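Coordinate analysis (summary)
Chain residues, written in single-letter form:
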Amino acid sequence: KVFLPYSVGLLQAHAKAQPDLKESYQFARPIFLRENPSDVAKSLDSPDVLGISCYIWNWEWSKALAGETKSTHPNSLIVMGGPQVPNRSDGFFQEHPYVDILVHGEGELTFSDVLRERLKSNPNYLEVPGLTVNQNGNSARTIFRPRVTTDNFPHSPYLTGEFDELFRVHPDLEFHAISETHRGCPYRCRFCDWGSLTYAKVYPFSDERVKAEYDWIANNKIEFVYNAD
């Protein structure tokens, strides 16, 4: 029983919706099983960019995967994002030199911009808002990226087929799903571990999108759905 990698699917669905990125990149099957990081890194086929979505439950494993990947594929660009990435990142790259970029806040637009910058002959990630960039071990913070509304990323990984291959490759697994109907939360509860957008404006997804996702979940016989609102 495993959760479908929803956060990674969001990033991939949005990137693939950009014609230039879809044409320029081959998107690999998401990594979602907690296997040996060294074995996972060795199984990767010379990745140009490795994006890792991080939270408290996978933080140590994610750092191990990033380090093993940089060791095995030194030319790979290692990008880490998610709520676990520290906003105050001074000293982070001294401790984790294998990481190239940290993404702050919502990742759809920012990660796509990183991929687009990577295509340039002389990429300058300092021009991409919402990042902290590893500059020879020092942290270089780019300008703040404002929050985006859901109109900017209407692409659901369920509805765009990002997980179809996972069902085909892993017919033995029982997948669980995460349902998200909006972004943001107006409260700041001390017990909450929801993420980095607490005490923030709520942006709802469309009813059509939410209903279509529930249809997809039902059609794929997902037994357990976790609501992330």
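Numbers given to residues run from 1 along each chain, matching the order in which its sequence is written. In keeping with the model being predicted, local features are shown solely for residues with a pLDDT of at least 70 and side-chain atom pairs are shown and tallied solely at 80 or more, while totals for entire chains, interfaces and linings include all residues. Only hydrogens and water are set aside when side-chain values are computed; all heavy atoms of the structure are taken into account.

Some thoughts on the nonpolar core
As a reminder of what qualifies: Grouping buried Ala, Val, Leu, Ile, Met, Phe, Trp, Tyr and Cys residues that are joined through side-chain atoms within 4.5 Å yields what is termed a nonpolar core. Working definition: with a 1.4 Å probe on protein chains only, accessible area under 20% of the residue-type maximum means buried, over 50% means exposed, and in between means partly exposed. Numbering of helices and strands runs from the N terminus, with a helix taken as a DSSP run of H or I at least four residues long and a strand as a DSSP run of E at least two residues long. Throughout, a residue-residue contact means that at least one pair of heavy atoms, one from each residue, lies within 4.5 Å.
Membership of the largest hydrophobic core comes to 17 residues, with the highest contact counts inside it found for Ile52, Met80, Val99 and Leu102. For this core, the secondary structure elements donating two or more residues are strand S2 (49-53), helix H4 (59-72), strand S3 (77-81) and helix H5 (92-95). No other element matches the 4 residues that H4 contributes to this core. Non-local contacts of Val99, meaning those with residues more than four positions away in its chain, are made with Ile78, Met80, Phe92, Phe93 and Asn134. Membership of the second largest hydrophobic core comes to 15 residues, among which are Leu77, Val103, Leu115 and Val133.

Focus on the environment of Pro204
Within the secondary structure, Pro204 sits in strand S9 (residues 203-204). For Pro204, a relative accessible area of 52% translates into the label exposed. When near neighbours in sequence (up to four residues on either side) are disregarded, Pro204 contacts Thr150, Thr181 and His182.

A look at the environment of Leu102
Inspection of the secondary structure assignment puts Leu102 in strand S4 (residues 101-103). Overall, Leu102 belongs to the buried group, its relative accessible area being 0%. Measuring from C-alpha to C-alpha, the distance between Leu102 and Pro171 comes to 34 Å, with 69 residues separating the pair along the chain. Discounting chain neighbours no more than four positions away, the residues touching Leu102 are Met80, Val85, Pro86, Ser89, Phe92, Phe93, Gly130, Leu131 and Thr132.

Quick look at the pairing of strand S7 (residues 175-179)
Operational definition: DSSP bridges decide pairing: two strands pair if at least two such bridges lie between them.
Burial analysis of S7 places 4 of its 5 residues in the buried class, which makes it a mostly covered element. Across 2 bridges, strand S1 (residues 2-3) lies against S7 in parallel orientation. By the bridge assignment for S7, Val2 is matched with Phe175. Of the pairings in the sheet, the one linking S7 to strand S10 (residues 225-227) comprises 3 bridges and is parallel in character. Bridge pairing in S10 places Ala177 opposite Val225.

Comments concerning a nonpolar patch on the surface
Going by this rule: Each patch is built from residues that are more than 30% exposed by relative accessible area and take part in no salt bridge. Like charges join if they lie within 9 Å; nonpolar side chains (Val, Leu, Ile, Met, Phe, Trp, Tyr) join within 5 Å. The protein chains shown are the only cover counted for residues, whose accessible areas, like all others here, come from Shrake-Rupley with a 1.4 Å probe. Note on definitions: salt bridges are taken to be side-chain nitrogens of Lys or Arg within 4 Å of carboxyl oxygens of Asp or Glu.
On the surface, a cluster of nonpolar side chains totalling about 300 Å² of accessible area is made up of Phe3, Phe224 and Tyr226. Under the relative-accessibility criterion, Phe3 is labelled partly exposed at 35%.

This is a description of form; function is not addressed.
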